[in-house]
Amino acid sequence: PNPDPALSAWHRRRLLAQSPEAVVGTFMDQFIADDQIALRPATDEFLARCTRPMLGFHVEPPKRDCEAAAFQHPASRTVFWDDVGHWLHQERPEDFNRLALEWIAEVATMKEENDA
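The rules we used
Here the residue numbering is sequential within each chain, running from 1 through the sequence in written order. Given that the model is predicted, a residue must reach a pLDDT of at least 70 before its local features are reported, and side-chain atom pairs must reach 80 or more before they are shown or counted; all residues, however, enter totals for whole chains, interfaces and linings. Note that the side-chain values use all heavy atoms of the structure and ignore hydrogens as well as water. Secondary structure elements follow DSSP: runs of H or I of four or more residues count as helices, runs of E of two or more count as strands, with numbering from the N terminus. The reference for a compact globule is 2.2 Å times residues^0.38; the radius of gyration itself is calculated from the C-alpha atoms. Three exposure classes are used, based on accessible area relative to the maximum for each residue type with a 1.4 Å probe and protein chains only: buried under 20%, partly exposed in between, and exposed over 50%. Contacts are assigned to residue pairs with any non-hydrogen atoms lying within 4.5 Å of each other. To be clear on the numbers: accessible area is Shrake-Rupley with a 1.4 Å probe, and residue cover counts the displayed protein chains and nothing else. Asp and Glu count as negative and Lys and Arg as positive, but His and the ends of the chain are not part of the count. Every charge is mapped to an atom, namely NZ of Lys, CZ of Arg, CG of Asp or CD of Glu. A patch consists of residues exposed above 30% relative accessible area that lack any salt bridge, with like charges linked at up to 9 Å and nonpolar side chains (Val, Leu, Ile, Met, Phe, Trp, Tyr) linked at up to 5 Å. The rule for a salt bridge is simple: a side-chain nitrogen of Lys or Arg has to be within 4 Å of a carboxyl oxygen of Asp or Glu. Definition used in this section: a nonpolar core is a set of buried Ala, Val, Leu, Ile, Met, Phe, Trp, Tyr and Cys residues joined via side-chain atoms within 4.5 Å. A pair of strands is considered paired only if DSSP assigns at least 2 bridges between the two. With the strands pointing away from the viewer, any crossover whose connection runs clockwise from the first strand over the helix to the second is right-handed. Each polar contact in these results corresponds to two N or O atoms within 3.5 Å; when the atoms are within protein, one needs to be able to donate a hydrogen and the other to accept it, and residues that are neighboring in sequence are counted only if both atoms are side-chain atoms.

**Details of the overall build of the protein**
Here is step 1: If you tally the helices and strands in the protein, you get six helices and two strands.
Here is step 2: Across the protein, helices and strands are ordered from the amino to the carboxyl terminus as α-α-α-β-α-β-α-α.
Here is step 3: For the protein, whose C-alpha radius of gyration is 17 Å, the value lies well above the compact-globule estimate of 13 Å for 116 residues.
Here is step 4: By principal-axis analysis of the C-alpha atoms, the protein measures approximately 50 × 35 × 25 Å.
Here is step 5: In the protein, which comprises 116 residues, the proportion classed as buried is 22%.
Here is step 6: Restricting the contact set of the protein to residue pairs at least 6 apart, pairs at least 24 apart contribute 36%.
Here is step 7: A total of about 8500 Å² of accessible surface is found on the protein, and carbon and sulfur atoms cover 57% of it.
Here is step 8: Across the protein, the centroid of the 12 positively charged side chains sits 2 Å from that of the 20 negatively charged ones.

What follows is the structure, encoded as C-alpha cells:
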C-alpha cells in the first residue's frame, strides 16, 4: 500500500537487469507449466498432498482462509497482514523474522514431543 521508494527502485532495477528469457521462463514455470502449483486447482491439490508444516502470509482473507482449510499438518498456519505488499519480509523485516522464528520453534517443539 505504501512501499518504500528505495525498495521499489531496488526491485525495479533488479527486474530490469534480468534477461527477457529468464523473466518469461520464471513466469511460465510458475503459472503455465503442467506441474505449476501457483494457481487453483493445482494449489489446492498440492496443499492437500503436503504433510509438512507450512507458514503462509496473506493480504486477502479469502486466500488465507482457502489455504488454511487445506493444511494437513497441525503446525501449519496463515498470517494476515493488510498493510504489506509482495515483499513483506523486506517491508516488515523485524515482524516477519520474529513471527517466523516463533513458528520454527513451535514446529521444532512439536517434532521433539512426537519423537519422544
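**A few points about a nonpolar patch on the surface**
Here is step 1: Judged by side-chain polarity, Val-24, Phe-27, Met-28, Phe-31, Ile-32 and Leu-39 come together as a nonpolar surface patch covering roughly 520 Å² of accessible area.
Here is step 2: Here Phe-27 is to be found in helix α2 (residues 20–32).

**Notes on the nonpolar core**
Here is step 1: Counting six residues, the largest nonpolar core consists of Phe-57, Val-79, Trp-81, Val-84, Leu-88 and Leu-99.
Here is step 2: With five residues, the next largest nonpolar core counts Leu-47, Met-54, Ala-70 and Phe-71 among its residues.

**Thoughts on the pairing of strand β1 (residues 55–58)**
Here is step 1: When β1 meets strand β2 (residues 77–80), the two strands line up parallel, connected through four bridges. Considered in β2, the bridge of Phe-57 is made with Val-79.
Here is step 2: Once you follow β1 into helix α4 (residues 61–70) and on to β2, the crossover reads as right-handed.

**Points about unusual backbone geometry**
When glycine is set aside, most residues are seen to have a negative phi, and most peptide bonds are trans.
Here is step 1: Omega for the peptide link from Arg-40 to Pro-41 comes to 5°, which places this bond in the cis form.
Here is step 2: Following the sequence through the fold, Pro-41 ends up in the loop between α2 and α3 (42–49).

**Here's the deal with the side chain of Gln-36**
Here is step 1: Residue placement: Gln-36 occurs in the loop between α2 and α3.
Here is step 2: The buried category is assigned to Gln-36, whose relative accessible area is 13%.
Here is step 3: In terms of polar contacts, Gln-36 uses its side chain to reach the backbone amide nitrogen of Ala-38, at 2.6 Å.
Here is step 4: Every residue in contact with Gln-36, bar those within four places of it in the chain, is listed here: Asp-29, Gln-30, Phe-31 and Ala-42.

**What to know about the pattern of salt bridges**
Here is step 1: One pass over the full model with this rule turns up eight salt bridges.
Here is step 2: A salt bridge links Arg-40 to Asp-44, with the nearest nitrogen and oxygen atoms 2.9 Å apart.
Here is step 3: Between Asp-83 and Arg-92 there is a salt bridge; the shortest N-O distance is 2.8 Å.
Here is step 4: The exposure class assigned to Asp-83 is partly exposed, which follows from its relative accessible area of 41%.
Here is step 5: One continuous salt-bridge network, built from bridges that share partners, spans Asp-83, Arg-92, Asp-95, Arg-98 and Glu-102.

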